[in-house]
Each structure stands twice: as structure tokens, then as C-alpha cells.
Amino acid sequence: MNRIEGREKVTGLATYAAEYPVKGVVHAFAVQAGIAKGRVTDVDARAALARPGVLAVLSSGHPPELSQDAAPELALFQRPDVAYRGQIVAAVVAETLEQARAAARDVRVQYREDRHDVRLRADHPGLYRPEKVNPGLPTDTVKGDVEAGLAAAAATVDVTYTTPVLHNNPMEPHAALAVWFEDGGLTVFDSTQGVSADRDTIARTLGLAPEQVRVVARHVGGGFGAKGTTRPHAILAALCARAVGRPVKVSLTRQQLFDVTGYRTPTIQRLRIGADADGRLTALDHEVAVQSSTLVEFAEQAAAPARVMYATPALRTAHRLVRLDVATPSWMRAPGECPGMYALESAMDELAVAAGLDPVELRVRNEPEAEPDSGLPFSSRNLVACLREGACLFGWERRDPAPGVRREGRWLVGTGVAASTYPSRRLPSQATATAEDDDFVVRLAAADIGTGARTALTRIAADALDVPPERVRVELGDSDLPDAPLAGGSMGLASWGSAVVAACEDLRRDGKQGEADTTAAVKADARLARHAFGAQFAEVRVDEDTGEVRVSHLLGVFACGRIVDADLARSQFVGGMTMGLGMALMEQTVTDERFGGFVNRDLAQYHIPVCADVERIEAVWLDEHDERLNPMGSKGIGEIGIVGTAAAIGNAVYHATGRRVRDLPITPAKLLER
């Protein structure tokens, strides 16, 4: 199928949050804290208010009314305390965006500045054991005697890997347009990955009933987790609109996104792994240190994938967290699995070298019969098949295991492999299906964030109704539609599709109207380990003089249940792999330890990969059948593509050069260090 919304997008007719035509709209621009920790002592708005077109200035000097239940990052202007550099401390409302932005520079904010701490380090005295890690997983797990397993091993590794702050950087910056009505109702056109949850959070923050709030997000230009929860811009738009009595639009700049829409926490990960003489693991120990803000405890689950991957009699995972004077980290594509699998799969490559084994064979020999940590049976697991198929397609059998021996002129050439995994979840969802004239209309509050959800749901509904897709229309992106979970966690299509199938089946029984709520069905799901798996292969070239790294070939092989639409799936896999390439070689946000905040806050300085950065990129998948997952037999594919890619590239760089870089990104400077 062609994308349902393809014509609207390529002709510019698709309407995003900042583009809805609303009469009388004015604009708000945020004033951000210039210190990393302290207190606002005075906000002088006189010069700003004297400017033409300025309607109001909001600040903690006159706190707007908010609910006591407002989350700390959303409780705008309620307290004068500053928790991080870039926090919103005031806002200017004016007739035009240009007037608001110019006036914001005239708002004079005075502070009492305190000493700040913004650096994550392994020996930080503030590291502690959180009660849970995201999304409600145990913080630590222990099985067997790790120390005894390491002592008995024929080969061991004890290595530490680090990853930097990473930012999501969706193509569409965050924006919101808030409109209040005389009856006290509020409509917010927001760039969000979940209109139902966004509505509930906005209502709770403003002290409204959920039915008083409507959120609309018919088109969203990417999110990667940054739009997975309500961000301050949406609350700011609502507060400013209420203050001036007119619709207010807030469009964050690219620089502001770096401060107030979340990021991937940096990680420090120590891995100790042992294997016997046959290459079978005797112990695996994965300990992670991450950061969060002083406002919110957000504990990234980076050690969680070690609980899933390999058979071992002794397994320990642990997470430690420190609260710093930084913005709150948040969800970024494949949270937990992405940084965690980078470290685990890099360490497995080092173990293969230490044990004298092929890296593919090491993984195959340690394939578990059940999930290592929980002991639950897998609904399906085809990692070995992915590794075998990938090795065949990639020509792995021609690989010389010795590092630094293959050359093409001045280029050192190497290849690497890593495994991928991501959980296959679903949440309760509602949907309706209606026969209207000769067509069928499916309605639910899902979100299409650029992934092609409309198209996939249209195909699922057409299959369930046994009609051509041309006779099905899917309406989504509006919280007035039946409730649906967010597009995130690789569970959107599994959750929404389950409800759509059930609603269409109900329609076929009724003839006119079908409706579904999958709450009971999801609750009754069998206790199984549900995961997608894959294998990533990479070939790189490294200039022996400059240290420049070029990726010649990326291949991903995935086992993700039924693939609903091949074109959409390939786009998701390749997109994830491309982000993994960026993570490996270029992406990092630098924290300014002296002043707090981030140094590089735009796409001129935060480098992301482009087409020229990889010569050949391929994604293929196995024909996997898993009927115990959901009515479609599908697993989420939005995130597994990024998992393992950075490790495969890092392992290939080692194979090319003989140098192991353990702190991302892998830059020429690090490769040339003596």
C-alpha cells in the first residue's frame, strides 16, 4: 500500500500542531534560566511590557493557578527555585512570534546562584539504588554465584563502557496551540505521541476534568520518545491563553528542545563476563550508573536486556542513580535496550576475542531455552536464525578474525556483529468500527508520528473485515475518539491493532457498528517472555592517517512476528539502524560543567547521520509466526533497529584497527590517541 497520508504530506496539506488555522491567535515565547541552580529573586518585565504588541509576561512573581498534582517539570512559575539551566522561568505573550521573542530578551531576571553539580561519574557520592527502574522493573536482580562463576571461567572480561547525553531531535520541533472556550473547556493542538495520555496530564495539571480537555495531533513529525509525555510547552500555551483570553501558540526553537523536552541519560556501564573452555558463559554481571534531575526520578533500565539475552548459571544486574542539577532525562528510541545492548554486545565481542571464538558462534552457544532471569518461556525467539541468516547474507565466512590485517589502500577494513532485542508489549486500547454507506470507518485515539500507523491500521482493518483497503478509512489523532495508548515502546500497533481487529469482528457480527475495549484481553495474556530479536552486521573503513571512519555496509536481520506492511517495516528498521550509526560515530550532547546546561544545542553542532554516511544499508526479516502475542501475531519494530547497531560498528572498528574505543561516540581523535 501507498501511505494513506502520503499525498497530504508531499503537497504540504498535512496539518501539524503549529499550523492549525485559529482566529485571533497570539504567540508566547519562553524565558529560560541562565543559571544551573539557585532561586529567582526578581523578574523585571517593564521593558518587555513597553514593547509594541506585548500582551503579558508570566513568571513566578504572580504564579498562575495550577493543580497541586502538577508534575514538577510542568508546574510552571509555581516556585522561584531553579533546578537546571534552561528551565522556563518566565514567558512573554505578544501579537506576533517576532514581538514575543524580542520582548523575551528584555525580561530581566535576577538570581541567587548556588553551586551546581552536573557531572555523572562512577564514584559520585550521591549514587543510590532507586526503588524501581523504568518502566517499573526491578532495580537489581541476582541469580547464582557471580563471583564463583568468574573465578571458574577460562576466559573473562572486565570492561567499562560509557555513552554520552543524546537528544531525540525529531524533525518537527515541539509546538502547541491552546484555545479556551466560554464553558471552561480547552482544546490543545499539540505535537504528541499520545493524545489520550496528553489530555489526562493537561487536565490534571490545570485542575480540570479530562472531559473538559481535547487534544488534537493528526500529524506528528517524529518524536522518538521526546513527545511521549506532556512537555512544558503545552502547559505554557494553556496558561498564557488563559491569562490573555485569546488562543496562544508556543513553538519551541531547536535550541529550546535541548533543554525542556528530555534526552537520553549518559551511562557508565561495567560488565564482567566469564566463559568456560567451550565458550559457554559461567557468569554475567552488568552494573549501570545513570543520572536524573533533582525534580523527577527517571531511572533508565540499561541493564535490563542482560536479563534476556544469554544462558548463564550466574547473572547479576544492578542500577544506580544520581540526582544532578540537570534537566530531567526521558524516553529516547529504545530506552534501556539501546545503551544497555551497546555495552553488553561490545563486551561479548571482547569475550569472543579473549576466548578465541567467532563472535557469531559465541552468541549461538549461549542461546537460552527460557528467559534467563525470569525463567519464563519465550513466545518465540529466533535470534540464532537471525545470526545465521545475517552471516550468510553478509559473507561472514570470509572474515579473518585477526584485527588490523585487512586493507584497501590507506583504509583499514573491519567487520563486526551484535545482537538486537526489544520487548513486545501491548496495552489496553479502545476502538470503534462503523459501516457508512459502502465504506467502513475505524476510529481510535492512536497517533501517527510519521511511522505510517494510518496505513498499517487500514490494512489490519481491511483484513479483519475481508474488504479491500480502499473501502476503509481510519480516523485517529484526537482525544475525543476512543481512548488509545501512545505511540511508543514498540507497542502502538500491537495495542491499537488488537482493538481494531476486535471492533471489526464485532461489526461483522452486528452489521452496522462494532466497538472494542481490550482491557480484559490484555489482562488475560499468558505469562510469556515476549521479545523481538535481531542481528546487526557492519563493515567499516578507517583511514590510517586521519582516523576517519566510514561505514561501508550495514545489514540488519530481524525476527518480529508478522510484518504488516513491508515498506513501512523497512523504513522503521533502516531508520533505527541509521540512528544507531549516529550514536556510534557522531551524536553527543556536551554538558557545560562550569555553567551547567548543554553546549551544543542545534543541528549545526549536534551531528546526526545523513545518506552519505553509509554506503549500503539493508534490512531483512524472517517469516516468524507467533500467534500468542496478539490477533495480528506482530511484534513492535519501531525501536529494535537502533539496538545493537552501535555495538556492531564499534566491534567492526576494533576489527579494522585493533583499537577498542569504549566511550561513544567513536571519533577520529579517540582512534588516534597514543
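You'll find the structure just up there.
These numbers were taken from a predicted model, which means no experiment stands behind them.

J.: How should the overall build of the protein be read in this particular structure?
T.: Helix and strand counts for the protein come out as 16 helices and 26 strands. Taken over the C-alpha trace, the protein has a radius of gyration of 26 Å; the compact-globule value for 674 residues is 26 Å, and the two agree within 12%. Its C-alpha atoms put the protein at 75 × 70 × 50 Å along the principal axes. By residue count, 60% of the 674 residues in the protein fall in the buried class. Taking the contacts inside the protein whose residues are at least 6 apart along the sequence as the reference set, 81% of them involve residues at least 24 apart. With an accessible surface of roughly 26,100 Å², the protein has 48% of that area assigned to carbon and sulfur atoms. Each charge sign in the protein was given a centre, from 75 positive and 89 negative side chains, and these centres are 3 Å apart.

J.: Please clarify how the sheet that holds strand S26 (residues 614-621) should be interpreted in this entry.
T.: Pairing between sheet strands relies on hydrogen bonds along the backbone, with the strands arranged either parallel or antiparallel. One open sheet accounts for 5 strands, arranged S18-S19-S24-S25-S26; its pairing is mixed. For this open sheet the edge positions go to strand S18 (407-408) and S26, each flanked by a neighbour on one side alone. Of the pairings in the sheet, the one linking strand S25 (residues 549-559) to S26 comprises 7 bridges and is parallel in character. When the bridges of S26 are listed, valine 551 appears paired with valine 614. Contacts from helix H10 (residues 383-394) reach strand S19 (411-423), strand S24 (531-543), S25 and S26 within the one sheet, and its direction differs from that of S24 by about 30 degrees.

J.: Explain the side chain of glutamine 193 to me, please; I cannot follow it from the model alone.
T.: Its location among the elements puts glutamine 193 in the loop between strand S12 (186-190) and helix H5 (195-206). Owing to a relative accessible area of 2%, glutamine 193 belongs among the buried residues under this scheme. Reaching out from glutamine 193, the side chain makes a polar contact with the backbone nitrogen of glycine 228 at a distance of 3.3 Å. Apart from residues lying up to four places away in sequence, glutamine 193 is in contact with Gly223, Phe224, Gly225, Ala226, Lys227, Gly228, Ala447, Ile449, Leu486, Ala487 and Gly488.

J.: For this particular structure, what's the right way to read the packing of helix H11 (residues 453-465) against helix H12 (residues 492-510)?
T.: The relative placement of two packed helices comes down to the angle between their axes together with the axis-to-axis distance. Remark: H11 packs on H12, axes separated minimally by 9 Å, with the N-to-C direction vectors making an angle of 35 degrees. Considering only the axes of H11 and H12, their crossing is right-handed. Here Ala453, Ala456, Leu457, Ile460, Ala461, Ala464 and Leu465 of H11 come into contact with H12, specifically with Leu493, Trp496, Gly497, Val500, Val501, Cys504, Leu507 and Arg508. For the contact of H11 with H12, the per-class residue count stands at 13 nonpolar, 1 polar and 1 charged.

J.: It is not clear to me how the pairing of strand S13 (residues 213-216) should be interpreted in this structure. Could you clarify?
T.: If a strand is regular, its side chains alternate between the two faces of the sheet. Bridge count between S12 and S13: 4 bridges; the pairing is parallel. Among the inter-strand pairings, leucine 186 is bridged to a residue of S13, identified as valine 213.

J.: Looking at this structure, I do not really get the packing of aromatic side chains. What am I missing?
T.: The way to describe two aromatic rings as a pair is by their centre distance and the angle between their planes. In this structure the tally under the stated criterion is 11 aromatic pairs. Arranged with centres 4.3 Å apart and planes meeting at 25 degrees, the rings of tyrosine 20 and phenylalanine 189 form a pair that is stacked. Placement of the pair is tyrosine 20 in the loop between helix H1 (6-10) and strand S1 (26-32) and phenylalanine 189 in strand S12, with a sequence separation of 169 residues. Given a relative accessible area of 11%, tyrosine 20 falls into the buried group. Overall, the relative accessible area of 13% leaves phenylalanine 189 in the buried class. The interplanar angle of 35 degrees and the centroid separation of 5.5 Å between the aromatic rings of phenylalanine 394 and phenylalanine 537 together place this pair among those described as tilted. Taken together, the residues phenylalanine 394 in helix H10 and phenylalanine 537 in strand S24 connect sequence positions 143 residues apart.

J.: I keep staring at the nonpolar core and nothing clicks. Help me out?
T.: In globular proteins that are soluble, nonpolar side chains generally tend to be buried together. Ile273, Leu344, Leu351, Phe537, Val540, Phe573 and Ile649 are the most contacted members of the largest nonpolar core, which totals 88 residues. Top contributing element to this core by residue count: helix H8 (residues 337-355), with 9 residues. With residues up to four places along the chain from it excluded, the contact list for phenylalanine 573 reads Phe558, Cys560, Ile563, Ala619, Trp621, Ile637, Ile640 and Gly641. Counting 87 residues, the second largest nonpolar core, distinct from the first, contains Ile88, Val442, Ala487 and Cys504.

J.: I would appreciate a short explanation of helix H6 (residues 232-244) in the present structure.
T.: Think of an α-helix as 3.6 residues a turn; residues three or four steps apart then line up on the same face. Taking 1.5 Å per residue as the helical rise, H6 with its 13 residues ought to reach 18 Å, and the 18 Å between its terminal C-alpha atoms agrees with that figure. With 11 of 13 residues buried, H6 is to be regarded as a mostly interior element. Buried within H6 we find Pro232, His233, Ala234, Ile235, Leu236, Ala237, Ala238, Leu239, Cys240, Ala241 and Val244. Of the residues trailing H6, glycine 245 is marked for its positive phi of about 70 degrees.

J.: Hey, could you run me through H12 in this one?
T.: Counted at 1.5 Å a residue, the expected span for H12 with its 19 residues is 27 Å, and the 27 Å between its end C-alpha atoms agrees. Taken together, the buried positions of H12 are Gly492, Ala494, Ser495, Trp496, Gly497, Ser498, Ala499, Val500, Val501, Ala503, Cys504 and Leu507. Buried residues belonging to H12 abut strand S20 (430-436), strand S21 (439-443), H11 and strand S23 (513-517). Directly after H12, the chain includes glycine 511, whose backbone phi takes a positive value near 100 degrees.

J.: What is the right way to look at the pattern of salt bridges in this model?
T.: Note that side chains of opposite charge can pair when their charged atoms are close. One pass over the full model with this rule turns up 52 salt bridges. For glutamate 5, the salt bridge identified is with lysine 9, shortest N-O distance 3.2 Å. The class for glutamate 5 is buried, based on a relative accessible area of 1%. You can call lysine 9 partly exposed: its relative accessible area is 28%. Measuring nitrogen to oxygen at the nearest pair gives 2.7 Å for the salt bridge that ties aspartate 543 to arginine 410. One end of the pair, aspartate 543, is in strand S24; the other, arginine 410, is in the loop between S18 and S19, with 133 residues separating them in the sequence. What makes aspartate 543 buried here is its relative accessible area of 3%. What makes arginine 410 partly exposed here is its relative accessible area of 41%.

J.: I tried to follow the sheet that holds strand S6 (residues 108-113) on my own but got confused; where do I start?
T.: Read across the sheet, 3 strands follow the order S4-S2-S6 without closing on themselves; strand pairing throughout is antiparallel. Looking along the sheet, the strands with just one partner apiece sit at the ends: strand S4 (81-82) and S6. Note that strand S2 (residues 38-44) and S4 share 2 bridges and pair antiparallel. Its bridge partner lying in S4, arginine 39 is registered against aspartate 81.

J.: When you look at the packing of H5 against H6 in this model, what are you seeing that I'm missing?
T.: In contact at an axis separation of 11 Å, H5 and H6 are set at 50 degrees when each is read in the N-to-C sense. Taken together, the axes of H5 and H6 are oblique relative to one another. Handedness of the H5/H6 crossing: right-handed. From H5, Ile202, Thr205 and Leu206 reach across to H6, where they touch Ala234, Ile235, Ala238 and Leu239. Taken together, the residues that form the contact of H5 with H6 break down as 6 nonpolar, 1 polar and no charged.

J.: Is there a simple way to explain the pairing of strand S14 (residues 248-251) in this structure?
T.: For S1 and S14, the ladder comprises 3 bridges, and the chain directions are parallel. From the neighbouring strand, valine 26 faces S14, where its bridge partner is valine 248. Across 4 bridges, strand S11 (residues 175-180) lies against S14 in antiparallel orientation. Each residue of the ladder has a partner; that of alanine 178, found in S14, is valine 248.

Criteria and thresholds
Residues numbered from 1 in each chain as written. Predicted model: local features only at pLDDT ≥ 70, side-chain atom pairs only at ≥ 80, totals over all residues. Heavy atoms only, no water. Helix = DSSP H or I, 4+ residues; strand = E, 2+ residues; numbered from the N terminus. Rg over C-alpha atoms; globule rule 2.2 N^0.38 Å. Buried < 20%, exposed > 50% of the residue type's maximum accessible area, 1.4 Å probe, protein only. Contact = heavy atoms within 4.5 Å. Areas by Shrake-Rupley, 256 points an atom, 1.4 Å probe, with all protein chains shown as cover. Lys, Arg positive; Asp, Glu negative; His and termini not counted. Charge placed at Lys NZ, Arg CZ, Asp CG, Glu CD. Pairing = 2+ DSSP bridges. Axes fitted to C-alpha atoms, helices over the stretch in contact; angles between N-to-C directions. Polar contact = N/O pair within 3.5 Å; in protein donor to acceptor, adjacent residues only side chain to side chain. Left-handed = near helix turned anticlockwise from the far one by under 90°. Nonpolar A, V, L, I, M, F, W, Y, C, P; charged D, E, K, R; others polar. Phe/Tyr/Trp six-rings, centres within 6.5 Å; stacked < 30°, edge-to-face > 60°. Core = buried A, V, L, I, M, F, W, Y, C linked by side-chain atoms within 4.5 Å. Expected span 1.5 Å × (residues − 1). Salt bridge = Lys/Arg side-chain N within 4 Å of Asp/Glu carboxyl O. Parallel < 35°, antiparallel > 145°, perpendicular 65-115°, else oblique.

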